[in-house]
Amino acid sequence: KSLPSIYSLSIKNIRQKMKNLEELGYSREEVIKMTKSLCPICFKPLDAEVFDEDGKILIKKTCDEHGEFVNTYWSDDKIYNRVKQFEPTITSVENPSVEKFGDCPNNCGLCEDHETSTVLGLIDVTNRCNLRCPVCFANAAVSGRLYEPTQDEIREMLRNLRNLKPHPTPAIQYAGGEPTVRKDLVELVAMAKEEGFTHVQIATNGLRLARKENFAKELKDAGLNTVYLAFDGVTPEPYINNRGKNLLPQKIQAIENCRKAGLGVVLVPTLIKGVNDQQIGEIIKFAFDHRENVYGVNFQPVSFSGRTPASQVEEQRITIPDFVNEIAKQTHGDVKVDDFYPPSSVEPFARFIGALEGESPSVTLNCNQHCGIATYVFMEETEGKNTLNNLIPITKFIDVEGLFELLDKYSDKLEKGGFGIKKRVEASAVKNLPKLINTNEVPEGLDIKKILLNVFTKRSYDALGEFSKDAMLISCMHFMDPFNFDEDRVKKCIIHYATPDGRIIPFCTMNSMYRESVEEEFSTHLKEDKN
């Protein structure tokens with residue numbers, strides 16, 4: 001149980017002694033950091049310890065009333081540490097909505113301690129829903145009360161997001177509940193465009209899009225950019241487990257109706273271990289089969305809040321390392337673990353564009369590096385078919401980290417200034433960008449050299465559209481719940497809910513702590529929800 005005179009042993013002997021202890025069943029525990037978390041029963045903020053034990057990252061906290069909780073944070077320390085290096089910058093809002101008091105996350109809204117601005121704003125336009133999904137993190141449609149902000153209230157929430165300084169929120173998502181049960185959703189989409197949002201999307205189960213063929217066109221004409229479609233698998237079973245019934249035919253019909261309307265779709269699978277984690281590869285293949293209007297797949301491991309059973313946390317928990325390891329396995333090694341990067345890794349792009357334009361970037365994906373992970377993947381057809389044996393990740397033909405380093409180098413020069421600096425940087429880009437491309441691995445028909453040069457020397461963002469036409473964004477956003485809640489991640493959240501009282505609340509805090517009280521304050525009693 002202890003190492004006698006360990007201080008007098010050589011490093012080699014220490015390592016051997018530790019190995020011997022591990023073989024006897026003792027675990028190695030290394031504290032990584034201290035943070036704040038929540039009691040998953042009473043939601044009281046607690047001191048918490050994030051630590052590495054036997055190659056797994058865990059989070060531990062103790063509530064005086066409800067005892068100790070130890071839960072998985074990241075299931076692989078090697079992947080955790082690789083991602084850790086992409087630490088984001090801080091871009092706090094200049095006009096916080098609330099004053100900070102007490103321990104975080106008390107009084108969210110945003111306060112002066114928050115370290116990021118809002119990249120994607122969310123507004124719950126209703127708590128009604130036409131489903132009763134067993135894993136709904138919003139616990140929609142069962143409270144016995146109706147939460148449905150008026151158009152005037154929604155416009156005010158939109159304006160609160162757009163009034164953030166120094167950067168107005170560029171993108172908005174209407175959510176719920178199920179936003180399509182509102183008869184005025186088309187008007188709300190148009191309203192968001194009126195208020196200056198460049199990107200508008202809805203998070204939906206797709207049932208109304210499937211039933212009403214012209215609905216997708218109405219939304220598209222009003223300015224909707226993307227349908228964020230819940231899509232749990234390619235067989236009936238995941239829907240029966242996650243949604244209570246087989247919804248696959250309706251999902252396919254919704255995608256088809258959106259295709260006819262020219263409306264883009266992102267598939268959003270809720271991943272649960274033992275339910276649909278073995279379908280990750282097939283979901284990606286499905287996306288490529290429908291790539292005419294499916295632009296990406298954003299996998300979301302189940303969050304244990306709302307109606308999700310808390311008793312099954314560890315059995316059903318999927319973390320980001322579990323996800324990327326499954327990708328590597330199910331794509332037969334075509335897409336590897338190291339092909340994925342956190343959103344914060346692309347900050348050099350935003351910094352470079354800002355330096356080139358002579359101003360701070362308006363959009364920076366500077367969320368905590370442990371919030372998500374993503375890559376772009378291409379697929380070459382084999383005998384006219386899409387298969388999981390011919391995937392090409394972007395890292396196979398572009399030196400991604402070399403590109404990040406080059407952009408930071410150019411940004412340093414641009415920010416330092418000097419005579420003709422922009423012209424000199426552009427000339428250097430023409431010379432050096434092609435060196436980062438492995439031309440032997442570039443997918444057929446993709447002129448990646450031309451695309452990069454057009455983006456970085458001519459600021460032709462239409463070229464990005466040409467790139468994304470053939471690429472599929474494969475991402476995973478692991479939202480927190482009270483079990484794995486980490487204050488460090490909350491402070492760097494870039495996805496925020498706007499509420500009728502003027503607050504702007506980080507996503508994971510809203511769903512872990514505030515949703516019930518917000519809906520209670522701004523709702524009315526509902527005798528029966530007929531939807």
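Note that the structure is predicted; figures quoted are calculated from it, not measured. (Residues numbered from 1 in each chain as written. Predicted model: local features only at pLDDT ≥ 70, side-chain atom pairs only at ≥ 80, totals over all residues. Heavy atoms only, no water.)

1. Points about the overall build of the protein
To keep it simple, the criterion reads: Numbering goes from the N terminus for both helices and strands, where a helix is a DSSP run of H or I of at least four residues and a strand is a run of E of at least two. Only protein chains enter the accessibility calculation, which uses a 1.4 Å probe. A residue is then buried if its area is under 20% of the maximum for its type, exposed if over 50%, and partly exposed in between. Residue contacts are counted whenever heavy atoms from the two residues lie within 4.5 Å of one another.
The number of helices and strands found in the protein is 18 helices and 18 strands. By residue count, 54% of the 531 residues in the protein fall in the buried class. Of the contacts formed within the protein by residues at least 6 apart in sequence, a portion of 70% connects residues at least 24 apart.

2. Focus: the pattern of salt bridges
What counts, and what does not: What counts as a salt bridge is simple: a side-chain nitrogen of Lys or Arg found within 4 Å of a carboxyl oxygen of Asp or Glu.
A full pass over the atoms with the stated rule returns 30 salt bridges. Close ionic contact of D488 with K33 constitutes a salt bridge, the shortest N to O distance being 2.9 Å. You can see D488 sitting in helix α17 (residues 487–491) and its partner K33 sitting in strand β1 (residues 29–38), a full 455 residues away along the chain. Accessibility expressed as a relative area gives 26% for D488, which makes it partly exposed.

3. A few points about helix α15 (residues 448–458)
Of all 11 residues in α15, 8 are buried; the element is thus mostly enclosed. Those residues of α15 that sit buried are I448, I451, L452, L453, N454, V455, F456 and T457.

4. Thoughts on helix α7 (residues 236–243)
Owing to its 3.6 residues per turn, the α-helix brings residues three or four apart onto one side. What counts, and what does not: Throughout, the arc means that of the directions going from the helix axis to the C-beta atoms.
Among the residues of α7, those classed as buried are P238, Y239, N242 and R243. Projected down its long axis, α7 shows its buried positions confined to an angular sector of 95°, all on one face. Considering only its buried residues, α7 is in contact with β9 (226–230), α8 (248–261) and β11 (270–271). One or two residues past the end of α7 sits G244, with phi positive at roughly 90°.

5. Quick word on a positive patch on the surface
Note the threshold: A patch consists of residues exposed above 30% relative accessible area that lack any salt bridge, with like charges linked at up to 9 Å and nonpolar side chains (Val, Leu, Ile, Met, Phe, Trp, Tyr) linked at up to 5 Å. For accessible areas, the Shrake-Rupley method is used with a probe of radius 1.4 Å. Any residue's cover is judged against the shown protein chains and nothing else. Charge assignment: positive for Lys and Arg, negative for Asp and Glu; neither His nor the chain ends contribute. By convention, charge coordinates are those of NZ in Lys, CZ in Arg, CG in Asp, or CD in Glu.
On the surface, a cluster of positive charge is made up of K409, K413, R424, K431 and K435. The set of elements that each furnish at least two residues to the positive patch consists of α13 (400–416) and α14 (421–432).

6. A closer look at the packing of aromatic side chains
Just so we agree on the cut-off: Whether two aromatic rings pair depends on their centres lying within 6.5 Å, for rings of Phe, Tyr and Trp, where Trp uses its six-membered ring; planes under 30 degrees apart make the pair stacked, over 60 edge-to-face, and the rest tilted. As a reminder, the over-ring test applies to NZ of lysine and CZ of arginine, requiring each to be within 6 Å of the ring centre and within 35 degrees of the ring normal.
Tallied over the full model, the rule gives 13 aromatic pairs. Summarising the aromatic geometry, the rings of Y73 and Y80 are spaced 6.2 Å apart at their centres and angled 75° between planes, so their arrangement reads as edge-to-face. The burial state of Y73 is the same as that of Y80; both residues are buried. Members of the aromatic cluster, joined through ring pairs, are F86, Y341, F349 and F404. Of note, K60 hangs over the ring of F51, and the distance from its end group to the ring centre comes to 5.1 Å. Looking at R162, its charged tip hangs above the ring of F197, at a distance of 5.5 Å from the centre.

7. Quick word on the side chain of N242
The line we're drawing: What qualifies as a polar contact is a pair of N or O atoms within 3.5 Å, subject to a donor-acceptor requirement within protein and to the restriction that residues adjacent in sequence count only when both atoms come from side chains.
Here N242 shows up in helix α7. The class of N242 is buried, set by a relative accessible area of 0%. Within the structure, N242 has its side chain in polar contact with the side chain of N241 (distance 2.8 Å). Aside from chain neighbours lying at most four places away, what touches N242 is C133, P134, V135, D232, T270, I272, V275 and N276.

8. Considering the sheet that holds strand β4 (residues 67–74)
Let me state the cut-off plainly: Note on pairing: two strands pair once DSSP finds at least 2 bridges between them. Note on definitions: angles span 0 to 180 degrees between N-to-C directions of axes, and those axes are lines fitted to C-alpha atoms, for helices only across the stretch in contact.
Spatially, the 4 strands line up as an open sheet ordered β1-β2-β3-β4, and their pairing is antiparallel. Here the strands that pair on one side only, and so sit at the sheet edges, are β1 and β4. Strand-to-strand twist across the sheet, computed as the mean angle between neighbouring axes with direction ignored, equals 25°. Sheet topology note: the strand β2 (residues 45–53)/strand β3 (residues 56–63) ladder contains 6 bridges and is antiparallel. Considered in β3, the bridge of D52 is made with I57.

Distances and angles like these do not, on their own, reveal function.
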